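# An overview of the molecular structure
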Amino acid sequence: MATTVFIPTPLRPFTDQQATVQVAGASVGEVLQNLVTVHAELRNHLFAADGKLRSFVNVYLNDEDIRYLNKEQTPVGASDTVSIVPSVAGGAGEVRP
Amino acid sequence: MTELNSDEVRRYSRHLIMPEVGVEGQRKLKEARVLCIGAGGLGSPAALYLAAAGVGTLGLCDFDAVDFSNLQRQVLFSTDDVGRPKLRAASDRLKGLNPNIRIVGHETMLTSANALDIFKDYDIIVDGADNFPTRYLVNDACVLSGKPNVYGSIFRFDGQVSIFATKGGPCYRCLYPEPPPPGLVPSCAEGGVLGVLPGIVGTIQAAEAIKLILKIGESMVGRLLLFDALQMKFRMLKLQRDVNCPVCGDHPTVTKLIDYEQFCGITPQVKAADQGKVSADQEMSVSDLKARLDQHNVFLLDVREPREWEISRIEGATLIPLGELPKRLSELPDPTSGLEIVVQCKTGIRSAKAVNLLREKGYTRVKNLRGGIMEWIQRIDPSLHSY
């Protein structure tokens, strides 16, 4: 059983530019672990050295923040989608350094 | 309530015939005071549409001058405006569009010292900032002053929109309690942005601000819009106020504005590197580099992106984009070889970061090319394209 994970553009360089990736796993945590196993460069962007999800990366199951579900233990079904929502600051443009 | 004059009745006729706006709604717009943080990619379309819609007082906070590279997306400005202070150019453009409204310029960097004072004269804040410290500052100042924050942000092909800091609704910190460490998330200046993307996101911000003023429709409080221009997908996620949020939670610990650069991990060293500063003995001038290249006793490392490399490059340079540098150190001369490395980017800012990074990795003979390839083009080889 594979779940669709939405990859935001800042992280697509680490998924061969794929916008969605199909990953197996019974919980959100398992899906994310399997994701960073296949796409190893993502690991450092999603997880801190202690293995915890980085605090500035939000993970959603469908349209719900997993912090308000059962966090990484939240079970995942076949029709569910997982979204990674990173902090993005851009807006006003400045001179390119 | 203020009356509409005959010019305004003609001008806003397409609003006035809508039951959701009407004369009463148009008067609300006229009495509304909206502040745009940043007159850039997001602030341009937002300010243009808010002005056109008849928002009576429109504030703009920015302190930059118009740069040639802004014109790709900052539709407030014309080619003739390049070099002019943004607020002067914006004010001319917006007054030309709608002489019935008041444009207020705040030509300053928004800081913890001035934010609450600037915000006090406005009802709604439209956040189009370009950096994390300002994002957190705008959020906290909105929460503390009880003003809604119509938030939009962009990166490459992705946009995010929401409304934060309304009474009982979530704030930016509920979504992102902590900022990413400096350098991990690239800025638009480093990662690029599709020019039309801020047009889409900024106009959504304007629409949400107008809905808040008119008190119509379903606002985006408690919802985060994710927009992906490549897939042409809009997705809506739910947001919740975090009862433990340090600013808007049930027991707030942040009750006044703080040092947001420090909060975002921007230490004086990071800031110095961000501004392209390394100590003077770690810099090299373009004329010294020319002499060294002629003698073939230097390794020139270009840390720009491949697209920039295609526009122009210094003969003999090796390209390793800054983001890839940590894992491609093996392509550099061995630190013990004694061969000096000179790092170069467009203007010397990214290369200063690279110099600091290489020094941390044990490279002692590393220098930053002062002024980058732009200075090289100006002083050594004008046949190359500047960009």
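Rules and cut-offs
- Residues numbered from 1 in each chain as written.
- Chains lettered and ligands numbered in written order.
- Predicted model: local features only at pLDDT ≥ 70, side-chain atom pairs only at ≥ 80, totals over all residues.
- Helix = DSSP H or I, 4+ residues; strand = E, 2+ residues; numbered from the N terminus.
- Buried ≥ 20, exposed ≤ 12 C-beta atoms within 10 Å, placed from the backbone.
- Contact = placed C-beta atoms within 7 Å.
- Pairing = 2+ DSSP bridges.
- Axes fitted to C-alpha atoms, helices over the stretch in contact; angles between N-to-C directions.
- pLDDT = per-residue confidence, 0-100.
- Core = buried A, V, L, I, M, F, W, Y, C linked by C-beta atoms within 7 Å.
- Nonpolar A, V, L, I, M, F, W, Y, C, P; charged D, E, K, R; others polar.

### Points about the overall build of chain B
Within chain B, the regular secondary structure consists of 16 helices and 13 strands. Each principal axis of the C-alpha atoms in chain B carries an extent, and together these give about 75 × 50 × 40 Å. By residue count, 46% of the 387 residues in chain B fall in the buried class. In chain B, the proportion of contacts linking residues at least 24 apart, taken out of those at least 6 apart, comes to 69%.

### Digging into the pairing of strand β8 (residues 233-238) of chain B
Residues and elements named next belong to chain B. Two strands pair when backbone bridges link them, and strand β7 (residues 223-228) and β8 are joined in this way by 6 bridges, in the antiparallel orientation. Paired with Leu225 across the two strands is Met236, which belongs to β8. In this antiparallel pair of consecutive strands, β7 and β8, the connection spans 4 residues, and Met232 shows a positive phi of 50°.

### Re the sheet that holds strand β13 (residues 366-369) of chain B
Residue and element names in this part refer to chain B. Strand order in the open sheet made by the 5 strands is β9-β13-β12-β10-β11, with parallel pairing throughout. Where the open sheet ends on each side, the last strands, each with one partner, are β9 (283-284) and β11 (318-319). Sheet topology note: the strand β10 (residues 299-302)/β11 ladder contains 2 bridges and is parallel. Its bridge partner lying in β11, Leu301 is registered against Thr318. The strands touched by helix α15 (residues 349-360) within the sheet are β12 (341-344) and β13, with β13 carrying the most contacts at an inclination of about 175°.

### Considering the confidence of the model for chain B
Scored by pLDDT, chain B has a mean of 92; 95% of the residues are at 70 or more. Here the prediction assigns the complex a pTM of 0.80, and the interface score ipTM is 0.87.

### Brief notes about the nonpolar core
All names here are of chain B. By size, the foremost hydrophobic cluster in this structure holds 97 residues, and its most contacted members are Val34, Ala47, Leu50, Leu58, Val126 and Ala209. For this core, the leading source of residues is helix α10 (residues 196-214), giving 9 residues. Discounting chain neighbours no more than four positions away, the residues touching Ala209 are Val34, Leu50, Ile124, Val126 and Val150. Ranked by size, the runner-up nonpolar core spans 25 residues in total, among them Val303, Leu322, Ile349 and Ile373.

### A few points about the interface of chain B and chain A
Between chain B and chain A, the contact holds 54 residues from the first and 26 residues from the second. Sorting the residues of the side of chain B that touches chain A by element identifies α7 (132-145), β5 (149-155), β6 (158-164), α9 (188-191), β7, β8 and α15 of chain B as the ones contributing at least two each. A total of 4 residues in the side of chain B that touches chain A trace back to one element, the largest contributor, which is β5(B). For the side of chain B that touches chain A, the class distribution of residues is 23 nonpolar, 18 polar and 13 charged.

### Examining the sheet that holds strand β1 (residues 2-6) of chain A
Residues and elements named next belong to chain A. An order of β2-β1-β5-β3-β4 is seen for the 5 strands of this open sheet, with the pairing classed as mixed. Single-partner strands in this sheet number two, and they are β2 (20-24) and β4 (64-65). Two elements, β1 and β2, share 5 bridges in a ladder whose sense is antiparallel. Among the inter-strand pairings, Ala2 is bridged to a residue of β2, identified as Ala24. Along the sheet, helix α1 (residues 28-38) contacts β1, β2, β3 (57-61) and β5 (81-86); its crossing angle with β2, the most-contacted strand, is approximately 115°.

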